[in-house]
Amino acid sequence: QVHMVESGGGSVQAGGSLRLSCAVFGDTYGYYCMGWFRQAPGKEREGVAYIDSYGKTPYVDSVKGRFTISQDNAKSTLYLQMNSLKPEDTAMYYCALTWRPYCSPRPNEYNYWGQGTQVTVSS
């Protein structure tokens, strides 16, 4: 079993920065992918950034160059550094893990989820 807990959300003005953290409890051995998803009111949940067991870090086009996903050396904490934030980045952000050996953009392919942390960007 894996348990994930996000933190670090908040309210910022456009152009500001936030760093989200996701504490990962449990065994994450073998091949897996962890990702950050977000969901705005009335919209579908979308993948934002991912990191797999090989260290590959794909991003959705809308955040490339602004967001950076990383892990600590023990792989017990997942981070999302968000810079140059825009009002359209406003959403609930979730971390998730899938045991698949590749990073999928489909939320239903992820086995574990955190409870979410709210990010609000004002113009």
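A brief report on the enclosed structure follows. (Residues numbered from 1 in each chain as written. Predicted model: local features only at pLDDT ≥ 70, side-chain atom pairs only at ≥ 80, totals over all residues. Heavy atoms only, no water.)

**Here we look at the nonpolar core**
Side chains that are nonpolar tend, in soluble globular proteins, to be buried together. Counting residues in hydrophobic clusters, the biggest one holds 28 residues, and the most contacted among them are Met4, Leu80, Met82 and Tyr93. Elements with a contribution of two residues or more to this core: strand S1 (2–7), strand S3 (18–26), strand S4 (33–39), strand S5 (46–52), strand S6 (67–71), strand S7 (77–82), strand S8 (91–98) and strand S10 (117–122). Residues in contact with Met4, not counting those within four places in the same chain, are Cys22, Ala23, Val24, Met34, Cys95, Ala96, Leu97, Tyr112, Trp113, Gly114 and Gln115. Cys33, Tyr50, Ala96 and Tyr110 belong to the second largest nonpolar core, which has 5 residues in total. (Core = buried A, V, L, I, M, F, W, Y, C linked by side-chain atoms within 4.5 Å. Buried < 20%, exposed > 50% of the residue type's maximum accessible area, 1.4 Å probe, protein only. Helix = DSSP H or I, 4+ residues; strand = E, 2+ residues; numbered from the N terminus. Contact = heavy atoms within 4.5 Å.)

**Here we look at the pairing of S7**
In terms of burial, S7 is a largely internal element, 5 of the 6 residues being buried. The sheet contact formed by S6 and S7 spans 5 bridges and is antiparallel. Within the sheet, the bridge partner assigned to Gln71 lies in S7 and is Leu78. (Pairing = 2+ DSSP bridges.)

**Things to note about the state of the cysteines**
Following the criterion strictly, the structure yields 2 disulfides and no others. The disulfide partner of Cys22 is Cys95, and the gap between their sulfur atoms is 2.1 Å. With the S-S bond torsion at 65°, the cross-link from Cys22 to Cys95 turns out right-handed. Remark: Cys95 occurs in strand S8 and Cys22 occurs in strand S3; sequence separation between them is 73 residues. Each of the two residues, Cys22 as well as Cys95, counts as buried. Covalent S-S linkage joins Cys33 and Cys103, the inter-sulfur distance amounting to 2.0 Å. Torsion about the S-S bond of the Cys33 and Cys103 cystine: about 110°, corresponding to right-handed handedness. You can see Cys33 sitting in strand S4 and its partner Cys103 sitting in the loop between S8 and strand S9 (112–113), a full 70 residues away along the chain. In this structure Cys103 comes out as partly exposed when scored by relative accessible area, which is 22%. (Disulfide = S-S within 2.5 Å.)

**Overview of unusual backbone geometry**
Backbone geometry places Ser84, a non-glycine residue, at a positive phi of 50°. Summarising the element assignment, Ser84 is placed in the loop between S7 and S8.

**So, the sheet that holds S7**
With antiparallel pairing, 4 strands are arranged side by side in an open sheet as S1-S3-S7-S6. Taken across any chain shown, the strands that pair with only one partner, and hence form the sheet edges, are S1 and S6. Pairwise comparison of adjacent strand axes, ignoring direction, gives a mean angle of 15° for this sheet. Strand direction decides the pairing type here: S1 and S3, joined by 6 bridges, are antiparallel. Across the sheet, Glu6 pairs through a bridge with Cys22, a residue of S3. (Axes fitted to C-alpha atoms, helices over the stretch in contact; angles between N-to-C directions.)

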